[in-house]
Amino acid sequence: MNRARTESPEFLRMSLAAAMTLGFAPGAFYRGACLHCVNLLLTYASGCAAKCAYCGLSGSRKPAPEQDSFIRVPWPTISLNDIVAAIAKRKGQVARICISMLTNSRAARDTEIVCRRLREALPDIPVSLLISPTVAHREDLVAFREAGADKIGVAVDLATPELFDRYRGSGVGGPHKWDVYWECLAQALEIFGSGNAGSHFIVGMGETEHEMCDAMQRVSGMGGKTHLFSFFPEHASALEDRRSPPVAQYRRIQMARYLIDEGMAHVSNFAFAASGKITDFGIDQRLLERITESGEPFRTSGCTGRDGEVACNRPYANSRPGPRIRNYPFPPDASDIVRIQLQMGLASP
Ligand code: SF4
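A. The nonpolar core, seen in detail. Judged by nonpolar contacts, the single largest core of 105 residues is most densely connected at Tyr54, Leu118, Ile131, Phe144 and Ile152. A total of nine residues in this core trace back to one element, the largest contributor, which is helix 6 (residues 178–192). Core analysis: the second largest hydrophobic core is formed by five residues, Cys37, Cys98, Ala155 and Cys312 among them.

B. Quick peek at the packing of aromatic side chains. Across all of its chains, the model carries seven aromatic pairs by this definition. Between Phe164 and Trp178, the ring centres sit 5.9 Å apart and the planes meet at 70°, which makes this aromatic pair edge-to-face. Here Phe164, found in helix 5 (residues 161–168), pairs with Trp178, found in helix 6; they are 14 residues apart in sequence, far enough to count as distant. Each member of the pair, Phe164 as well as Trp178, carries the same accessibility label: buried. Seen in terms of ring centroids, Phe270 and Phe281 are 5.7 Å apart; in terms of plane orientation they differ by 80°. Their pairing is edge-to-face. Of this pair, Phe270 sits in the loop between helix 8 (247–261) and strand 11 (271–272) while Phe281 sits in the loop between strand 12 (278–280) and helix 9 (285–294), and the two are eleven residues apart along the sequence. Taking the relative accessible area as the measure of exposure, Phe270 reaches 7% and is therefore buried. Classification of Phe281 as buried rests on a relative accessible area of 8%. In textbook terms, an aromatic cluster arises when at least three aromatic residues are bridged by ring pairs, as seen for Phe164, Trp178, Tyr181, Trp182 and Phe201.

C. Examining the pairing of strand 10 (residues 225–230) more closely. A large share of strand 10 lies buried, amounting to five of its six residues. In this structure, strand 9 (residues 197–203) lies alongside strand 10, joined through six bridges in parallel fashion. Paired with Gly198 across the two strands is Lys225, which belongs to strand 10. Handedness of the crossover is the feature at issue here: the chain leaves strand 9, passes through helix 7 (residues 209–222), returns alongside strand 10, and the resulting connection is right-handed.

D. Quick peek at the pairing of strand 7 (residues 127–131). Counting buried residues in strand 7 gives five out of five residues, a clear majority hidden from the surface. Of the pairings in the sheet, the one linking strand 6 (residues 96–100) to strand 7 comprises four bridges and is parallel in character. Among the inter-strand pairings, Ile99 is bridged to a residue of strand 7, identified as Leu129. Chirality of the crossover, the property in question, places the unit of strand 6, helix 3 (residues 107–121) and strand 7 among those that are right-handed. With four bridges connecting them, strand 7 and strand 8 (residues 151–157) associate as parallel partners. Opposite Leu130, over in strand 8, you have Gly153 as the bridge partner. With respect to chirality, the unit in which strand 7 leads through helix 4 (residues 138–146) into the neighbouring parallel strand 8 is right-handed.

E. Molecular detail of the environment of Gly47. With respect to the element layout, Gly47 can be found in the loop between strand 2 (37–41) and strand 3 (69–70). Judged by relative accessible area, which is 22%, Gly47 ranks as partly exposed. Taking the C-alpha atoms as reference, Gly47 lies 17 Å from Pro133; in sequence the two are 86 residues apart.

F. Examining the packing of helix 2 (residues 80–89) against helix 3 more closely. Direction vectors running N to C along helix 2 and helix 3 enclose 30°, while the axes themselves pass 11 Å from each other. For helix 2 against helix 3, the interelement crossing comes out right-handed. Residues Leu80, Asn81 and Val84 of helix 2 touch helix 3, and the partners they reach there are Val114, Arg117, Leu118 and Ala121. For the contact of helix 2 with helix 3, the per-class residue count stands at five nonpolar, one polar and one charged.

G. Geometry of the confidence of the model for the protein chain. For the protein chain, per-residue confidence averages 92 on the pLDDT scale, and 93% of positions sit at 70 or higher. With pLDDT under 50 throughout, residues 62–67 is counted as low confidence; its partners more than four residues away or in other chains account for six contacts.

H. Quick look at the packing of helix 9 against helix 10 (residues 334–344). Close contact between helix 9 and helix 10 brings their axes to 9 Å; oriented N to C, the two are set at 135°. Between helix 9 and helix 10, the interaxial angle falls into the category oblique. Across the interface between the two elements, Thr292, Glu293 and Ser294 from helix 9 touch Ile337, Ile340, Gln341 and Met344 from helix 10.

I. View of the state of the cysteines. In this structure the tally under the stated criterion is zero disulfides. Here Cys37 is not disulfide-linked; the sulfur of Cys312 is the nearest cysteine sulfur, at 4.3 Å. Since its relative accessible area comes to 1%, Cys37 is described here as buried. With no disulfide of its own, Cys184 has Cys98 as its nearest cysteine by sulfur position, at a separation of 14 Å. Residue Cys184 is classed as buried on the basis of its relative accessible area, which comes to 3%.

J. Region of interest: the layout of surface pockets. Of the volumes computed, that of the second largest pocket is approximately 630 Å³. Taken together, 34 residues make up the lining of the second largest pocket; nearest its centre are Gly302, Thr304, Gly308, Glu309 and Val310. Looking at the lining of the second largest pocket, the elements with two or more residues in it are strand 9, strand 10 and helix 8.

Conventions we followed
- Residues numbered from 1 in each chain as written.
- Predicted model: local features only at pLDDT ≥ 70, side-chain atom pairs only at ≥ 80, totals over all residues.
- Heavy atoms only, no water.
- Core = buried A, V, L, I, M, F, W, Y, C linked by side-chain atoms within 4.5 Å.
- Buried < 20%, exposed > 50% of the residue type's maximum accessible area, 1.4 Å probe, protein only.
- Helix = DSSP H or I, 4+ residues; strand = E, 2+ residues; numbered from the N terminus.
- Phe/Tyr/Trp six-rings, centres within 6.5 Å; stacked < 30°, edge-to-face > 60°.
- Pairing = 2+ DSSP bridges.
- Right-handed = clockwise from strand over helix to strand, strands pointing away.
- Axes fitted to C-alpha atoms, helices over the stretch in contact; angles between N-to-C directions.
- Left-handed = near helix turned anticlockwise from the far one by under 90°.
- Contact = heavy atoms within 4.5 Å.
- Nonpolar A, V, L, I, M, F, W, Y, C, P; charged D, E, K, R; others polar.
- pLDDT = per-residue confidence, 0-100.
- Parallel < 35°, antiparallel > 145°, perpendicular 65-115°, else oblique.
- Disulfide = S-S within 2.5 Å.
- 1 Å grid on protein atoms, 1.4 Å probe; cavity = no way out; pocket = protein on both sides within 12 Å on 5 of 7 lines; lining within 4 Å.
- Points joined across faces, edges and corners; volume = space filled by probe spheres on them.

Rendered as structure tokens:
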């Protein structure tokens, strides 16, 4: 196939989970999970100009571009026409669509074109944009809103400026800058409104729990939400040998995110060990246990649909399908809660 003819805006890549949901790929989800957000990704023969150490799309990655994976699975390339037709057939199930940019000079314009086309063809389905602040500027944000997007994601990913620079900036010869990302998030909140922009963070990149809590509190203080990921090594990326963070660490950060984003606690009331580990969430122990029993903090955090429920539930995007789920794409059941309580150190085996 002529590669130049399979580029955005006419073509997009789609997460394997979305391809399965829309009938482009075979397969079924572990425990019958349902995907509610179709995650799309721009695609170019020239790829992504960034070099983020943990990303399967990085320009410095070892395999050829056609072998690219992103969050560990292949992303098939499909025409926008076929995507629109497939979503139209399953309107009841799809609560949101997300378009992810690449760091490419054509990406802002193409994001606008694809967004407008989706909104015109599927007016009942809201569209989020996961943008690259390095190539998306204030006027682009205004154009995105006019094209019909209602939510913006800014993947700061790293909790501190030093880690950001090491893994996304000068440490890897990449173009991204910490201050540009935060400024972009502030502009997105101003243009799209409080609660309509948020940041992705990856837990397990060498940050302390205290540092991650500070970053999440900063987002909340700006009016944004945090969408959490547990680091999972991407094959052939510069960090392919790095291990995922301990599950207890991830559970504590999930709890912290929930309390911060729901306005139930503030990082200034948390207690931390000298290592930065959270030792107290600053709320009553019985309340903490009740919140744990609800299972809510451990569900995937992401953009919501029109009903206010999380639509972007990303089944098994950062842990393998199986009992070791990090982000639950559905409400955890009673046995999941027991497992989580053990992982949190709130129950005896
Ligand atoms: S949370 Fe999901 S829908 Fe929202 S910006 Fe991130 S990937 Fe897109």
